[in-house]
Amino acid sequence: ETGVTQSPTHLIKTRGQQVTLRCSSQSGHNTVSWYQQALGQGPQFIFQYYREEENGRGNFPPRFSGLQFPNYSSELNVNALELDDSALYLCASSLAGVGKTQYFGPGTRLLVL
Amino acid sequence: GQQLNQSPQSMFIQEGEDVSMNCTSSSIFNTWLWYKQDPGEGPVLLIALYKAGELTSNGRLTAQFGITRKDSFLNISASIPSDVGIYFCAGQLTGANSKLTFGKGITLSVRP
């Protein structure tokens, strides 16, 4: 069984640029959630995708967008990068439904200069 | 966004000691979870609690779901060096997306 994988592991961008982060869900999982973890903080929910559609969103602006593909993998896109977007971006996969455990990938460390 | 309350920010214990961590919230959750995060890794689930009052163990770890549904604690017994890491509590509601709401985490150091 393959766990959650994310790419790239690290990324450096400049303010105003756009970035795409990728996530492959654990085998058999159909739901992907994205979280932003700033330094010294707990992860904050960005949004979730189920059946290729956004299924709930946290308190993040529209320049944070995503996609889910038929194989359940997912992308997180951030436009017009700001310095405060520097963080660890975590992807978690799960089965759909109540009480289903979310399994996290190792994250992508984004630095915006 | 909302975060659960975890304190202190750091804890230092001697190998072999027990340690307890508490997590509180101003709102109710249906599920409480405890995760551990090592440097350069994503959070790993330690224990999940699904019912108010539930007490669950996983090896040397024991966690309880508070009866008010607004708090939880995690106890680690007989600590060992590999217990070092950041411990997060997370709450989950039974809703459309079952998002996780995390605390800020407690960094645990274990002195050999």
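Structure shown above.
The residue numbering used here restarts from 1 in each chain and proceeds along that chain's sequence as written. The order in which chains are written sets their letters, starting at A; the order in which ligands are written sets their numbers, starting at 1. With pLDDT at 70 or above as the cut-off, local features in this predicted model cover only qualifying residues; side-chain atom pairs require 80 or more to be listed or tallied, and sums for whole chains, interfaces and linings still use all residues. Neither water nor hydrogens contribute to the side-chain values; these are computed over all heavy atoms in the structure.

Bringing the layout of surface pockets into the picture now. Put simply, the largest pocket is a space of about 430 Å³. Here a cavity means grid points, on a 1 Å grid over the protein atoms only, where a 1.4 Å probe fits yet cannot get out; a pocket means an open set of points with protein on both sides within 12 Å along at least five of seven lines; lining residues are those with an atom within 4 Å of a point. Every residue lining the largest pocket is counted, 24 residues in all, and those nearest its centre are Q37, L39 and R109 of chain A together with Q37 and I86 of chain B. For the lining of the largest pocket, the secondary structure elements donating two or more residues are β9 (85–92) and β11 (106–111) of chain B. When residues are sorted by character, Ala, Val, Leu, Ile, Met, Phe, Trp, Tyr, Cys and Pro go into the nonpolar class, Asp, Glu, Lys and Arg into the charged class, and all the rest, Gly among them, into the polar class. In the lining of the largest pocket, the residues fall into 8 nonpolar, 12 polar and 4 charged. Grid points are joined across faces, edges and corners, and a volume is the space filled by probe spheres set on the points. Note on conventions: DSSP H or I runs of at least 4 residues are helices, E runs of at least 2 residues are strands, and numbering of each starts at the N terminus.

This brings us to the nonpolar core. As used in this record, nonpolar core signifies buried Ala, Val, Leu, Ile, Met, Phe, Trp, Tyr and Cys residues forming a set joined through side-chain atoms within 4.5 Å. Under the scheme applied here, a residue whose accessible area is under 20% of the maximum for its type counts as buried, over 50% as exposed, and between as partly exposed, the area being computed with a 1.4 Å probe on protein chains only. Core analysis: the largest hydrophobic core is formed by 22 residues, its most contacted members being M21, W32, L74, I76 and L108 of chain B. If you list the elements that add at least two residues to this core, you get β2 (10–14), β3 (19–24), β4 (31–37), β5 (44–49), β7 (61–65), β8 (71–76), β9 and β11 of chain B.

Residues and elements named next belong to chain A. Tracing the backbone shows T31 in strand β4 (residues 31–37). T31 gets classed as buried once you look at its relative accessible area, which sits at 3%. Polar contacts, as counted here, are pairs of nitrogen or oxygen atoms within 3.5 Å of one another; within protein the pair requires one atom able to donate a hydrogen and one able to accept it, and residues that are adjacent in sequence qualify only if both atoms are side-chain atoms. Side-chain polar atoms of T31 contact the side chain of N30, separated by 3.0 Å. We call two residues in contact when some of their heavy atoms are within 4.5 Å. Among all residues touching T31, those that are not within four sequence positions of it are Q48, Y49, Y50, Q68, A92, S93, S94, L95 and A96.

Bringing the pattern of salt bridges into the picture now. Here, a salt bridge means any side-chain nitrogen of Lys or Arg that lies within 4 Å of a carboxyl oxygen of Asp or Glu. Under the defined criterion, the tally for this structure stands at 6 salt bridges over all chains. Between E54 of chain A and R57 of chain A there is a salt bridge, with its nearest N and O atoms 3.0 Å apart. Taking relative accessible area as the criterion, E54 of chain A reaches 39% and is therefore assigned partly exposed. Residue R57 of chain A is classed as partly exposed on the basis of its relative accessible area, which comes to 30%. For K36 of chain B, the salt bridge is made with D38 of chain B, and the minimal N-O distance between the two is 2.8 Å. Through salt bridges with shared partners, a single network forms among R63, E82 and D85 of chain A.

What follows is about the interface of chain A and chain B. Taken together, the contacts link 23 residues of chain A with 22 residues of chain B. By buried area we mean how much accessible surface two parts lose on assembly, using a 1.4 Å probe and totalling the loss over both. Between chain A and chain B, a total of about 1700 Å² is buried, with carbon and sulfur atoms accounting for 49% of that surface. Taken together, chain A and chain B are joined by 0 salt bridges. Counting across the interface, chain A meets chain B through 3 residue pairs in polar contact (both at pLDDT 80 or more). If you list the elements that add at least two residues to the side of chain A that touches chain B, you get β4, β5 (44–50), β6 (53–57) and β9 (87–94) of chain A. Here the residues of the side of chain A that touches chain B are counted per class, giving 8 nonpolar, 13 polar and 2 charged.

Another point: a nonpolar patch on the surface. Patch membership requires more than 30% relative accessible area and the absence of a salt bridge. Residues of like charge join within 9 Å; the nonpolar side chains Val, Leu, Ile, Met, Phe, Trp and Tyr join within 5 Å. Under the convention used here, a 1.4 Å probe and the Shrake-Rupley method define accessible areas, while residue burial counts only the protein chains that appear. Together, I12, L111 and L113 of chain A make up a nonpolar patch on the protein surface, roughly 300 Å² of accessible area in all. We classify L111 of chain A as partly exposed; its relative accessible area is 37%.

Turning our attention to unusual backbone geometry. Put simply, S7 of chain A and P8 of chain A share a cis peptide bond, and its omega is -10°. Among the structural elements, P8 of chain A can be located in the loop between β1 (5–7) and β2 (10–13). The omega torsion of the bond from S7 of chain B to P8 of chain B falls at 0°, within 30 degrees of zero and hence cis. Locating P8 of chain B in the fold gives a position in the loop between β1 (5–7) and β2. In this structure, Y72 of chain A is a non-glycine residue whose phi angle is positive, near 75°. Looking at the secondary structure, you find Y72 of chain A in the loop between β7 (64–68) and β8 (74–78). By relative accessible area, Y72 of chain A is classed as partly exposed at 34%. At A78 of chain B, a residue that is not glycine, the phi angle is positive and equals roughly 45°. If you trace the backbone, A78 of chain B turns up in the loop between β8 and β9. Judged by relative accessible area, which is 37%, A78 of chain B ranks as partly exposed.

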